[in-house]
Amino acid sequence: MGQITGNLPASGNRPTVLIVGAGPAGLVLGNLLRAADIDCLILERQSRAHVEHRARAGYLAANTVRILTDNGLAAGLLRNGQQHDTCMFRTDHGSFELRYGSRGRGEVHTVYPQQDLVRDLIAEYLDRGGDIRFETRVRDLNDVDTNQPWATCEGADGEVHQRSCEYVAGCDGQHGISRSAVPADAAQRYRRDHGVSWLALLAQAPQSMAAVAYAVHANGFAGHMARSPSVTRYYLQCPRGHDPASWSHERIWEELHLRMRGELHGRLREGQILERGVVDMSSYVMDPIQYGRLFLVGDAASLISPSAAKGANLAVMEAEVLGKALVAHLKGDDEQQLRGYSAACLPRVWRAQEFSHWMINLLHGPMGDDDEAVFLRALQHARLESLRTSRSHQDFFAENYVGI
């Protein structure tokens, strides 16, 4: 059994790999390293209770399920996950279902709440003898371009320690310290603000339809995505800078019913709103995603809009690539895969970004009645109609919707 504590020991006991962040990326990587008997330490600024209960996306791509299964990390999702192979589109011109599981490569999503996956990964990591320190903030990363990188860490007791290592895996997300440890002149940073915002809602309510539903409406986009038998994720397009607290329970459900066209397809099954927040659609990619002995994984490397549920799946893909590369180098003295980490990951990151951008344009038409807005909404309708009627378009959608 591994160690779990909030207190960081004094300097010494140098881990081979220091992993910053205990989300899916860091935990999958840690498990892969421990399976190869490589010493690693995971540092996570939040408490164990926090990371094991925070609700996040739960749509796992076929490649993610393969990685977890191949590495003995899939017992929970294979037991409790639910396969989804259909999505639905609702517009002013009618509605249609797309059974993407029978198109493209014939792949499906497995719906398994991310907090459940994180609990599984933590338990397995500890069983493999892993060392994880919660409530420990990494204040800075230093000398990552040398063979002796080190971190300044603040433990739960407020004491500050320095930890050295051989390699650092930055799995601490878009706001973590790892991304900022890469000098400005050492990588190209690509950014895009898509100009779209979503009110993200988590409702204590059973799903109202079997499929994921995307609604295109004059008031803006609305989305319905089941998370569990009793919890459903909803999205409502909203103005930029909107205060989520300004949406009352009644207003939320009224707008969801309207945009989902409940009067035509049946009213939604309402329930208590558990969480609400505004998500601004933006994208970010760093190239390369490695610098010296620092390797970025997941949202630390690239941020993708949630329009196509790619974020966690990209993180797991990158964790597998990095894990295999570190094992090949540390156990087999083969550094080629480690040197090629960015080159192996970034083409797949950009492919996911392109599809996410395509989905944003598919689901969000411009507001207003000027000539350009009217023209672009007509193009949006043409895209949806092509998706409804064209087998080749459906194959493209299916391959990219589930693929990583």
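Quantities reported herein were computed from a predicted structural model and do not represent experimental measurements.

*Asks:* Hey, could you run me through the packing of helix 3 (residues 62–70) against helix 9 (residues 311–332) in this one?
*Replies:* One way to put it is that helix 3 packs onto helix 9 with a least axis distance of 9 Å and a crossing angle of 45 degrees. The angle between helix 3 and helix 9 falls in the class oblique. Crossing angle aside, the handedness with which helix 3 passes helix 9 is left-handed. Residue-level contacts link Asn63, Thr64, Arg66 and Ile67 of helix 3 to Asn313, Val316, Met317 and Glu320 of helix 9. Of the residues that constitute the contact of helix 3 with helix 9, the class distribution is 3 nonpolar, 3 polar and 2 charged.

*Asks:* Can you help me understand the sheet that holds strand 21 (residues 302–303) in this one?
*Replies:* Strand-to-strand pairing in sheets goes through backbone hydrogen bonds, with the strands running parallel or antiparallel. The mixed open sheet is built from 8 strands, whose spatial order is 7-6-15-16-17-14-18-21. Each having just a single partner strand, strand 7 (94–98) and strand 21 make up the two edges of the open sheet. The strands touched by helix 11 (residues 341–363) are strand 6 (87–91), strand 14 (188–204), strand 15 (212–215), strand 18 (272–287) and strand 21; relative to strand 18, the strand with the most contacts, the crossing angle is about 130 degrees. Of the strands in this sheet, strand 6, strand 7 and strand 15 are in contact with helix 13 (residues 391–402), which crosses strand 6 at around 120 degrees.

*Asks:* Teacher, can you tell me more about the confidence of the model for the protein chain here?
*Replies:* Close inspection of predicted coordinates is inappropriate in any region flagged by low pLDDT. Within the protein chain, residue pLDDT values average 93, and 97% of them lie at 70 or more. Predicted confidence for residues 6–11 stays below pLDDT 50, and this span has 20 contacts to residues more than four positions away or in other chains.

*Asks:* Looking at this model, I keep getting lost on a nonpolar patch on the surface. Mind explaining?
*Replies:* Taken together, Phe375, Leu376 and Leu379 make up a surface patch of nonpolar side chains, about 260 Å² in accessible area. Mapping leucine 379 onto the fold places it in helix 12 (residues 371–389).

*Asks:* I tried to follow the sheet that holds strand 4 (residues 59–60) on my own but got confused; where do I start?
*Replies:* Taken in spatial order, the 3 strands make up an open sheet running 4-8-5, and their pairing is antiparallel. Looking at strand neighbours, the two that pair on one side only are strand 4 and strand 5 (82–84), the edges of this open sheet. Here strand 5 runs beside strand 8 (residues 109–111); their pairing, made up of 3 bridges, is antiparallel. Within strand 8, the position partnered with glutamine 83 by the bridge is threonine 110.

*Asks:* Hey, could you run me through the nonpolar core in this one?
*Replies:* Generally speaking, a soluble globular protein has its nonpolar side chains buried in company with each other. Ile19, Leu29, Leu68 and Leu322 are the most contacted members of the largest nonpolar core, which has 76 residues in total. For this core, the leading source of residues is helix 9, giving 9 residues. Those residues within four positions of isoleucine 19 in sequence are excluded, and the remaining contacts are Gly26, Leu29, Gly30, Leu33, Cys40, Leu41, Ile42, Leu43, Ala169 and Cys171. Of all hydrophobic cores here, the second largest spans 30 residues; its members include Phe96, Val196, Leu362 and Phe397.

Reading the values: the criteria
Residues numbered from 1 in each chain as written. Predicted model: local features only at pLDDT ≥ 70, side-chain atom pairs only at ≥ 80, totals over all residues. Heavy atoms only, no water. Axes fitted to C-alpha atoms, helices over the stretch in contact; angles between N-to-C directions. Helix = DSSP H or I, 4+ residues; strand = E, 2+ residues; numbered from the N terminus. Parallel < 35°, antiparallel > 145°, perpendicular 65-115°, else oblique. Left-handed = near helix turned anticlockwise from the far one by under 90°. Contact = heavy atoms within 4.5 Å. Nonpolar A, V, L, I, M, F, W, Y, C, P; charged D, E, K, R; others polar. Pairing = 2+ DSSP bridges. pLDDT = per-residue confidence, 0-100. Patch = residues over 30% accessible without salt bridge, like charges linked within 9 Å, V, L, I, M, F, W, Y side chains within 5 Å. Areas by Shrake-Rupley, 256 points an atom, 1.4 Å probe, with all protein chains shown as cover. Salt bridge = Lys/Arg side-chain N within 4 Å of Asp/Glu carboxyl O. Core = buried A, V, L, I, M, F, W, Y, C linked by side-chain atoms within 4.5 Å. Buried < 20%, exposed > 50% of the residue type's maximum accessible area, 1.4 Å probe, protein only.

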